[in-house]
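# Geometric and topological summary
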Amino acid sequence: MRLLVVGKLNGQLSVAVKMAMNAGAKVSHVETPEQATNALRAGQGADLLMVDYALDIASLIAANEAERMRVPVVACGVDADPMRAAAAIKAGAKEFIPLPPDAELIAAVLAAVADDEKPMVVRDPAMESVIKLADQVAPSEASILITGESGSGKEVMARYVHGKSRRAKAPFISVNCAAIPENLLESELFGHEKGAFTGAMARRIGKFEEADGGTLLLDEISEMDVRLQAKLLRAIQEREIDRVGGSKPVKVNIRILATSNRDLAQSVKDGHFREDLLYRLNVVNLRLPPLRERPADVISLCEFFVKKYSAANGVPEKPISAEAKRRLIAHRWPGNVRELENAMHRAVLLSTGAEIEEFAIRLPDGQQMAPAPSPDAAVARGAQMAADAVSRTFVGSTVAEVEQKLIIDTLEHCLGNRTHAANILGISIRTLRNKLKEYSDAGVPVPPPQGGVGAAA
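## A short note on the sheet that holds strand β2 (residues 26–30)
- Strand order in the open sheet formed by five strands is β2-β1-β3-β4-β5, with parallel pairing between adjacent strands. Looking at strand neighbours, the two that pair on one side only are β2 and β5 (95–99), the edges of this open sheet. Strand-to-strand twist across the sheet, computed as the mean angle between neighbouring axes with direction ignored, equals 25°.
- Two strands pair when backbone bridges link them, and strand β3 (residues 48–52) and strand β4 (residues 73–78) are joined in this way by four bridges, in the parallel orientation. In the strand pairing of β4, Val51 is matched with Ala75.
- Most of the contacts of helix α2 (residues 33–41) go to strand β1 (residues 2–6), to which it runs at about 155°, and overall it touches β1, β2 and β3.

In structure tokens form, the structure reads like this:
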């Protein structure tokens, strides 16, 4: 997380800065609101401003918004004067931190605003296969489109890809295309020149330039207005951008990642998304399965969130009871990992025993989670999930491709023994050998024969 501290570094504020750095923030400092706005204009990005409440916070926020820069503000001050603290919140600050500072409070505020602590927690084979593909393509320069339902962890995957890339030590800049109003998004992405519009008092560096040398994540790209998509397409193709009101292009060296919870192919058909932009973004697609399709991840994620929110709330970490685990695994989780995280946060606060009991697991409306289905029903659901997974694997493949995969997978299962594989497949050994020769001639890797009867090719 990037923190910009605004105010004179007296003793108490200096301590707060050190605590923020200990909490993992990258901290920079200016003394006046004007300097803060200038720093943001110049591309010194910040996820949060920590501002001395003795300064004019309202004017700082107004100046930033006039320049189309939206960065949350947290006020801080010595002696915690309630009137001045209330005035800072009224002026637009999201939170107030009293000085002298408390390390846990600063860490909690930073986590609440930035929420950067999102490691990749994976145990289910459905997600492990996605991770394997991500590891394979991360070192490349290819644009990657990450798709999946809301709350399934698309931004976490983007950060994972950046961390595994050759740009890992360079900036990772994220822009939520759905959260920024259409009239502000162009300036947010490309920056603007002085006088480009009313309120543009000086040149402002956009996210493309801020991400130079690193990775730019276009979160929820499907929500971008189709008129702005044309400018984005040119920026991706040419690796150069035009600031709003600018007269000459600016070269940028970035890697593009994008996420979407919509079917972009359908959006293209509906005329809401440019087909050529989709091709540029979707060099590689990482589809994240919803949580209901990766049950082995549920308990691992629950245990991670219990640890996280026990520490954040200063309560003892508890194990999850067996019945609670059964209910957690059986639930459909329409809100995916985000819903699960909120449920475990509530459970940490509501649990009263030595374990996190099933009644502490509450739905968003406050109702208890339904009991787990009977063993027979669970088996039936597991079979349905397996059938669905197989269907998803083969949808979009030709019959020849499915046949090839089946033959190669069966041969690998038989350790290269052609006779055993032919028996399992229900075909003659001659047919199998003809198929394998056809695959080998086409450059497809074929498992070599192993020693023993019937092993010869």
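## Section: the side chain of Ser143
- Take Ser143: it is sitting in the loop between α6 (125–137) and β6 (144–147).
- Residue contacts for Ser143: discarding those within four places in its chain leaves Ile256, Arg280, Leu281, Val283 and Val284.

## So, the packing of aromatic side chains
- Enumeration according to the criterion identifies three aromatic pairs in this entry.
- Seen from their ring centres, Phe190 and Phe208 are 5.2 Å apart, and the 20° between their planes marks the pair as stacked. With Phe190 in helix α8 (residues 182–190) and Phe208 in helix α9 (residues 207–210), this residue pair connects regions lying 18 residues apart in the sequence.
- Classification of Phe190 as buried rests on a relative accessible area of 1%.
- The exposure class assigned to Phe208 is buried, which follows from its relative accessible area of 1%.
- Lying across the ring of Tyr53, Arg84 places its NZ or CZ 4.7 Å from the centre.

## Quick notes on the environment of Val284
- Of note, Val284 is situated in strand β12 (residues 284–287).
- Here the alpha-carbon distance between Val284 and Ala134, two residues 150 residues apart in the chain, equals 9.3 Å.
- The residues touching Val284, leaving out its near neighbours within four places in the chain, are Val137, Ser143, Ile144 and Leu145.

## Details of the nonpolar core
- Of all hydrophobic cores here, the largest spans 31 residues; its most connected members are Leu189, Phe208, Leu216, Leu218 and Ile221.
- Put simply, the parts of the chain that give this core at least two residues each are β7 (172–176), α8, β8 (215–219), α10 (226–238), β11 (255–260) and α12 (275–281).
- At five residues, α10 tops the list of elements feeding residues into this core.
- If sequence neighbours within four positions are ignored, Ile221 has contacts with Leu145, Cys177, Leu232, Ala258, Thr259, Ser260, Leu264, Phe273 and Leu281.

## Quick look at the sheet that holds β6
- The sheet built from five strands is open, its strands ordered β7-β8-β11-β6-β12 with parallel pairing. Two strands lie at the open edges of the sheet, namely β7 and β12, each paired on one side alone. Neighbouring strand axes in the sheet, compared pairwise and without regard to direction, differ in orientation by 20° on average.
- Across four bridges, the pairing between β6 and β11 is parallel. Among the inter-strand pairings, Thr147 is bridged to a residue of β11, identified as Ser260.

## Topic: the pattern of salt bridges
- Across all of its chains, the model carries 28 salt bridges by this definition.
- Its salt-bridge partner being Arg159, residue Glu155 comes within 3.1 Å of it at the nearest N-O pair. Separated by four residues within a single helix, Glu155 and Arg159 lie in helix α7 (residues 154–164), roughly one turn from each other.
- Classification of Arg159 as partly exposed rests on a relative accessible area of 31%.
- Across the pair Arg326 and Glu323 runs a salt bridge whose closest N-O atoms are separated by 3.0 Å.

## Regarding unusual backbone geometry
- One non-glycine residue, Glu220, lies in positive phi territory at about 55°.
- Following the sequence through the fold, Glu220 ends up in the loop between β8 and α10.
- Classification of Glu220 as buried rests on a relative accessible area of 13%.
- For Trp333, which is not glycine, the phi torsion reads 50° and is therefore positive.

Here is what the cut-offs are and how they apply
Residues numbered from 1 in each chain as written. Predicted model: local features only at pLDDT ≥ 70, side-chain atom pairs only at ≥ 80, totals over all residues. Heavy atoms only, no water. Pairing = 2+ DSSP bridges. Helix = DSSP H or I, 4+ residues; strand = E, 2+ residues; numbered from the N terminus. Axes fitted to C-alpha atoms, helices over the stretch in contact; angles between N-to-C directions. Contact = heavy atoms within 4.5 Å. Phe/Tyr/Trp six-rings, centres within 6.5 Å; stacked < 30°, edge-to-face > 60°. Buried < 20%, exposed > 50% of the residue type's maximum accessible area, 1.4 Å probe, protein only. Lys NZ or Arg CZ within 6 Å of the ring centre and 35° of its normal. Core = buried A, V, L, I, M, F, W, Y, C linked by side-chain atoms within 4.5 Å. Salt bridge = Lys/Arg side-chain N within 4 Å of Asp/Glu carboxyl O.

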